[in-house]
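# A closer look at the structure
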Amino acid sequence: MVYWNAINANLSIKETPKRVMNKIWTLLVISLLFSPMAGCTSDDEDETVMFPVFSAVADNDEVYDNSRMDGSPFIVIFSAEWCNNPCYTSMHSIWETIPELPVLVMSTDPAENASGITLSEWHDSADAFDDDDDDNTGVSLTSYAFMKGHEPGEKLGITAPGTVIFVNSVGEVTKTHVGILDDSTEIQTFWDEASGTA
């Protein structure tokens, strides 16, 4: 027989080894039954990430902000005035997959005219990326707006260029891709998810 001392009392409660084992088995079975549900009720689920509040003047002198983008999906390429790759490759790959999407190209570099490059010069340089030598035979990224964007980037934990964000029509981030994005199937899939056509 097993004797248990009651806390704060001098009483002893007799329990048979069989009763003790039954209690242990009962607790074990209950814990095993409810343990798979722990993930269903915990906070480990993917949280919805909203694109941060922003307002920036782009290279075309137009103001872009959350209210302007509200109601339409869009893409944000976090880049920098001095970033050629992976930034330009991703920009042109997105255009080649689906031309004229609404794309905001935001610089993670907080310096005004980083590396001495203005927003318009940056846009021109991106346009020229696929040009053959000195002729302008490549694509012009006409629906892309180039602007400063280090603050929304920091709020999303992005401090360096080379990240592409897909945002749906209510401002939720549906996909974050780090590095060169040049796979047309991935680009189409990410856009379909953001636009609600997937």
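Right, let's walk through the structure included here. (Residues numbered from 1 in each chain as written. Predicted model: local features only at pLDDT ≥ 70, side-chain atom pairs only at ≥ 80, totals over all residues. Heavy atoms only, no water.)

## Some details on the overall build of the protein
Scanning the protein from terminus to terminus reveals seven helices and nine strands. Looking at the 198 residues of the protein, the share that counts as buried comes to 36%. Taking all contacts inside the protein whose residues are at least 6 apart in sequence as the whole, residues at least 24 apart take part in 69%. (Helix = DSSP H or I, 4+ residues; strand = E, 2+ residues; numbered from the N terminus. Buried < 20%, exposed > 50% of the residue type's maximum accessible area, 1.4 Å probe, protein only. Contact = heavy atoms within 4.5 Å.)

## Looking at the state of the cysteines
The tally for this structure, following the rule as stated, stands at one disulfide. The disulfide bridge from Cys 83 ends at Cys 87, spanning 2.2 Å between sulfur atoms. Between Cys 83 and Cys 87, the disulfide has an S-S torsion of 90 degrees and is therefore right-handed. (Disulfide = S-S within 2.5 Å.)

## Quick look at the packing of helix α4 (residues 87-97) against helix α7 (residues 184-195)
Packing of α4 against α7 leaves a shortest axis separation of 9 Å and a crossing angle of 75 degrees. The angle between the axes of α4 and α7 places the two elements in the roughly perpendicular class. Each of Ser 93, Ile 94 and Thr 97 in α4 lies in contact with α7, whose residues at this interface are Ser 184, Ile 187 and Gln 188. (Axes fitted to C-alpha atoms, helices over the stretch in contact; angles between N-to-C directions. Parallel < 35°, antiparallel > 145°, perpendicular 65-115°, else oblique.)

## Here's the deal with the sheet that holds strand β9 (residues 173-178)
Here five strands make up an open sheet; going across it, the order is β7-β6-β5-β8-β9 and the pairing mixed. In this open sheet, the two strands that pair with only one neighbour each are β7 (144-148) and β9. Recorded for the sheet is a direction-independent mean angle of 20 degrees between the axes of neighbouring strands. Inspection of the sheet shows strand β5 (residues 74-79) paired to strand β6 (residues 103-107) by five bridges, in the parallel sense. The partner of Ile 77 across the bridge, within β6, is Val 105. Running at roughly 160 degrees to β5, α4 makes contact with β5, β6, β7 and β8 (163-167) of the sheet. On the sheet, helix α5 (residues 119-128) packs against β5, β6 and β7 and is oriented at approximately 140 degrees with respect to β7. (Pairing = 2+ DSSP bridges.)

## Concerning the pairing of β9
Examined bridge by bridge, β8 and β9 share five bridges and lie antiparallel to one another. Note that in β9 the partner of Thr 163 across the bridge is Val 178. Counting the residues that bridge the hairpin from β8 to β9 gives five residues, and of these Gly 171 lies at a positive phi of roughly 90 degrees.

## A look at the side chain of Ser 90
Tracing the backbone shows Ser 90 in helix α4. Setting aside residues up to four positions removed in sequence, Ser 90 forms contacts with Val 164, Gly 179, Ile 180 and Leu 181.

## Some thoughts on the pattern of salt bridges
In this structure the tally under the stated criterion is two salt bridges. The closest approach of N and O atoms between Arg 68 and Glu 62, which form a salt bridge, is 2.6 Å. Among the residues examined, Glu 62 registers a relative accessible area of 34% and is labelled partly exposed. Glu 81 is paired through a salt bridge with Lys 148; the nearest N and O atoms lie 2.8 Å apart. You can see Glu 81 sitting in the loop between β5 and α4 and its partner Lys 148 sitting in strand β7, a full 67 residues away along the chain. On the basis of relative accessible area, Lys 148 is assigned to the buried category, the value being 17%. (Salt bridge = Lys/Arg side-chain N within 4 Å of Asp/Glu carboxyl O.)

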